[in-house]
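Chain by chain, the residues:
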Amino acid sequence: LPLIKELKQAIGSGELSNKEQPRVDLLPSAERLSSELPRPFPSAPELEIPGGTMKLKSDFYVKREADSITLKTIVQQGVTISIKGPRQVGKSSLLNRIIKAARDEGKRVLFLDFDLFDKACLVNNQVFLRRFCSLISQELGMEDQVDEYWQTNISNTQCCTHYISHYILKELGSPLVLAMDGVDKVFDASFRNDFFKMLRYWHNKRATSEIWNHLDFVLVTSTEPYQLIDNINLSPFNVGQVIELEDFTLEQVARLNCGHGSPFNGNDEVKKLMELLNGHPYLTRKALYLVASQQITTTELFNNASSPKGAFNDHLHRILSLIHNKQELKQALLEVVHNNTCKEQLSFWQLR
């Protein structure tokens, strides 16, 4: 009320009273504020929320052996690289660095995310491959000539192969890297065998046709390759450079902990984190981020790790949803949990 009276007086007369009013602290004192706020970890950098493809200059990216191998491979001519691993282990982040290395080498790079292909495109081989060729043309800024190259007297894979070799590669006149992420999107399509056999054919043609040495392709998949094609001898996933992304080592987790300002204090806590997550890239980064940003303590993280409201609930709920209606996989998972074994080989690979 005193403040309102002062304001009315100022509006009416343009002057404020010089009468002193009791001082009201709208902000807490510096001493009280500092005691209430959690103290930051020493040398803690600007944190990054984990999840998704990591920036090229990220301070939290962990280089693994796969980085060295793939970056040395992509600068060569006419190469096939397959990157395999489950969700959230860093496949797309590695692909991002492969793309940069290829561009630095002067190669044209076309990135194709197979999530761009909707269900309508996955109805049959012709619809999918025509869309595949059109998308390549569009992304390269070339005229779409799919109608001219699609013939009725040869198969759809032959039409696609002819389009890539006689139009795209010939007109482009420079090395092209076709980086394909999420190729297991076509896993449920009836034509998946034909598509992957076609890619294997492109790989093999480099030995007899120079034009195919102008095309490199990188395949990224979360699905075991044996599930993508019936005849593994016709698969593009077991030729060229095959990379299986591994979890972080204890040393890498320790370095990542230091990079977060050492929120896990001492070797014992880092080892305990390693025992809990086995170096899983995303879950490890999430644990470090949550503790470093002081959203949770290490004690709370360890005590509630398997709780429905714990730090890893989304990861665990996803696994439960995937095996919800698969009784054989449920039994296999229980065997793994209780005995650390899995006698049924097919179930093992599916769980993995």
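Note: the structure precedes this text.
First, a word on scope: everything that follows refers to the structure included in this document. (Residues numbered from 1 in each chain as written. Predicted model: local features only at pLDDT ≥ 70, side-chain atom pairs only at ≥ 80, totals over all residues. Heavy atoms only, no water.)

### Some words on the overall build of the protein chain
At step 1: Secondary structure summary: the protein chain contains 15 helices and five strands in total.
At step 2: Going through the 352 residues of the protein chain one by one, you find that 42% of them count as buried.
At step 3: For the protein chain, the share of sequence-separated contacts (at least 6 apart) that also reach a separation of at least 24 residues comes to 70%.
At step 4: About 20,700 Å² of surface is accessible on the protein chain, with carbon and sulfur atoms providing 50% of the total. (Helix = DSSP H or I, 4+ residues; strand = E, 2+ residues; numbered from the N terminus. Buried < 20%, exposed > 50% of the residue type's maximum accessible area, 1.4 Å probe, protein only. Contact = heavy atoms within 4.5 Å. Areas by Shrake-Rupley, 256 points an atom, 1.4 Å probe, with all protein chains shown as cover.)

### Quick notes on the side chain of S134
At step 1: The residue S134 is located in helix α5 (residues 125-140) in this model.
At step 2: There is a polar contact of 2.9 Å between the side chain of S134 and the side chain of D144.
At step 3: The residues touching S134, leaving out its near neighbours within four places in the chain, are D144 and V146. (Polar contact = N/O pair within 3.5 Å; in protein donor to acceptor, adjacent residues only side chain to side chain.)

### A look at the nonpolar core
At step 1: In terms of nonpolar packing, the biggest core is built from 44 residues, with I74, I83, V218, F264, L273, L301 and F312 touching the most fellow members.
At step 2: Tallying contributions element by element places helix α11 (residues 281-292) first for this core, with seven residues.
At step 3: Discounting chain neighbours no more than four positions away, the residues touching L301 are F264, L273, L276, A287, V291, I296, A311 and F312.
At step 4: Ranked by size, the runner-up nonpolar core spans 42 residues in total, among them L122, C160, L172 and L178. (Core = buried A, V, L, I, M, F, W, Y, C linked by side-chain atoms within 4.5 Å.)

### Some points on the sheet that holds strand β5 (residues 241-244)
Two orientations exist for strands paired in a sheet by backbone hydrogen bonds: parallel and antiparallel.
At step 1: Strand order across the open sheet formed by five strands is β2-β3-β4-β1-β5, with parallel pairing between neighbours. In this open sheet, the two edge strands, each paired with only one partner strand, are β2 (108-113) and β5. Across the sheet, the mean angle separating the axes of adjacent strands is 15° when strand polarity is ignored.
At step 2: Docked against the sheet, helix α7 (residues 156-172) engages β2, β3 (176-181) and β4 (215-221), running at close to 120° with respect to β3.
At step 3: Taken strand by strand, helix α8 (residues 192-205) contacts β1 (80-84), β3 and β4, and its axis lies near 145° from that of β4. (Pairing = 2+ DSSP bridges. Axes fitted to C-alpha atoms, helices over the stretch in contact; angles between N-to-C directions.)

### What to know about the packing of aromatic side chains
Two measures describe an aromatic ring pair: the distance that separates the ring centres and the angle between the ring planes.
At step 1: Inspection of every chain in the model, using the stated rule, returns 17 aromatic pairs.
At step 2: Measuring from ring centre to ring centre gives 6.0 Å for F114 and F195, while their planes differ by 55°; the resulting arrangement is tilted. Residue F114 is located in the loop between β2 and α5, and its partner F195 is located in helix α8; the two are separated by 81 residues in the primary sequence. F195 matches F114 in its accessibility class, with the two residues each being buried.
At step 3: An angle of 85° between the planes, with centres 5.2 Å apart, marks the rings of F128 and F195 as edge-to-face. Within this pair, whereas F128 is found in helix α5, its partner F195 is found in helix α8, the two being separated by 67 residues in sequence.
At step 4: Each residue in the set F114, F117, F128, F132, F191, F195, F196 and F237 is aromatic and connected to the rest through ring pairs, giving one cluster.
At step 5: Between R97 and the ring centre of Y61, over which it is positioned, the NZ or CZ distance is 3.6 Å. (Phe/Tyr/Trp six-rings, centres within 6.5 Å; stacked < 30°, edge-to-face > 60°. Lys NZ or Arg CZ within 6 Å of the ring centre and 35° of its normal.)

### Side note on the pattern of salt bridges
At step 1: Taken as a whole, this structure holds nine salt bridges when the rule is applied.
At step 2: The salt bridge involving D104 is made with K100; its shortest N-O contact spans 2.8 Å. Taken together, the residues span about one helical turn, with D104 and K100 both in helix α4 (residues 91-104) at a distance of four residues.
At step 3: Taken together, the salt bridges that share partners define one network made up of K84, E244 and R352. (Salt bridge = Lys/Arg side-chain N within 4 Å of Asp/Glu carboxyl O.)

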